[in-house]
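Coordinates in review
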Amino acid sequence: MPDILRSEKGGYDKSQALMKIQAYYLLLMTIENGMSYDEAMNELERLRAMPINTVKSGGFFSKTGFSREDTDAYIAKLENQIIDALK
């Protein structure tokens, strides 16, 4: 899991972001255990399409979520690890 994903008002929903990150880790582990290239690429495309909603922002009662910038950068790093594992 990520060491630090900063919180920000109106950021990504934390539970959805963590579910997506966990799915990337699961794919990486499955690739390392012998998943075929085609299956892995199909799963990667499915994960890329998985949306992460943002939490309600604005006003006094706005909620905080994970920083969109941090989360997007972390997911991009995981995607690169997955691509490297497929080579």
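The paragraphs below set out a description of the structure included in this document. (Residues numbered from 1 in each chain as written. Predicted model: local features only at pLDDT ≥ 70, side-chain atom pairs only at ≥ 80, totals over all residues. Heavy atoms only, no water.)

**Some words on the packing of aromatic side chains**
- Per the counting criterion, the structure on display carries zero aromatic pairs.
- Positioned above the aromatic ring of Phe66 is the side chain of Lys14, whose terminal nitrogen or guanidinium carbon lies 5.4 Å from the ring centre. (Phe/Tyr/Trp six-rings, centres within 6.5 Å; stacked < 30°, edge-to-face > 60°. Lys NZ or Arg CZ within 6 Å of the ring centre and 35° of its normal.)

**Points about the packing of helix α1 (residues 14–32) against helix α3 (residues 68–86)**
- Relative orientation of the contacting elements α1 and α3 amounts to 10°, with a least axis distance of 10 Å. Between α1 and α3, the crossing angle belongs to the class labelled roughly parallel. When α1 is examined against α3, the residues Ala17, Lys20, Ile21, Tyr24, Tyr25, Leu27, Leu28 and Ile31 are found in contact with a partner set consisting of Thr71, Tyr74, Ile75, Leu78, Glu79, Gln81, Ile82, Ala85 and Leu86. (Axes fitted to C-alpha atoms, helices over the stretch in contact; angles between N-to-C directions. Helix = DSSP H or I, 4+ residues; strand = E, 2+ residues; numbered from the N terminus. Parallel < 35°, antiparallel > 145°, perpendicular 65-115°, else oblique. Contact = heavy atoms within 4.5 Å.)

**Concerning the side chain of Lys20**
- Examined against the element boundaries, Lys20 turns out to sit in helix α1.
- Lacking a salt bridge, the buried Lys20 has Glu79 as its closest oppositely charged neighbour, with an N-O distance of 6.2 Å.
- Beyond its immediate stretch of four places on either side in the chain, Lys20 contacts Leu47, Arg48, Met50, Ile52 and Ile75. (Buried < 20%, exposed > 50% of the residue type's maximum accessible area, 1.4 Å probe, protein only. Lys, Arg positive; Asp, Glu negative; His and termini not counted. Salt bridge = Lys/Arg side-chain N within 4 Å of Asp/Glu carboxyl O.)

**Overview of the environment of Met35**
- Structurally, Met35 can be placed in the loop between α1 and α2 (37–49).
- In this structure Met35 comes out as partly exposed when scored by relative accessible area, which is 24%.
- Once the C-alpha coordinates of Met35 and Leu86 are considered, the two residues, 51 residues apart in sequence, prove to be 9.3 Å apart.
- Look past the residues within four positions of Met35 in its chain and what remains in contact with it is Leu27, Thr30 and Ala40.

**Overview of the environment of Arg46**
- Summarising the element assignment, Arg46 is placed in helix α2.
- Only 2.6 Å separates the side chain of Arg46 from the side chain of Glu43, close enough to count as a polar contact. (Polar contact = N/O pair within 3.5 Å; in protein donor to acceptor, adjacent residues only side chain to side chain.)

**Points about the nonpolar core**
- Ranked by size, the top nonpolar core spans 19 residues in total, and within it Ile21, Tyr24, Leu27, Ile31 and Ile82 carry the most contacts.
- Put simply, the parts of the chain that give this core at least two residues each are α1, α2 and α3.
- What Ile31 contacts, discounting residues up to four positions off in sequence, is Ala40, Ile82, Ala85 and Leu86. (Core = buried A, V, L, I, M, F, W, Y, C linked by side-chain atoms within 4.5 Å.)

**Thoughts on the pattern of salt bridges**
- Enumeration over the complete set of coordinates arrives at six salt bridges.
- For Glu43, the salt bridge is made with Arg46, and the minimal N-O distance between the two is 2.6 Å. Of the two residues, Glu43 and Arg46 are both situated in helix α2; the distance of three residues between them amounts to about one turn of the helix.
- In this structure, Glu45 engages Arg48 in a salt bridge whose closest nitrogen and oxygen atoms are separated by 2.7 Å. Here the residue Glu45 and the residue Arg48 both occupy positions in helix α2, the gap between them amounting to three residues, near one helical turn.

Interpretation in functional terms is not warranted from these geometric data alone.
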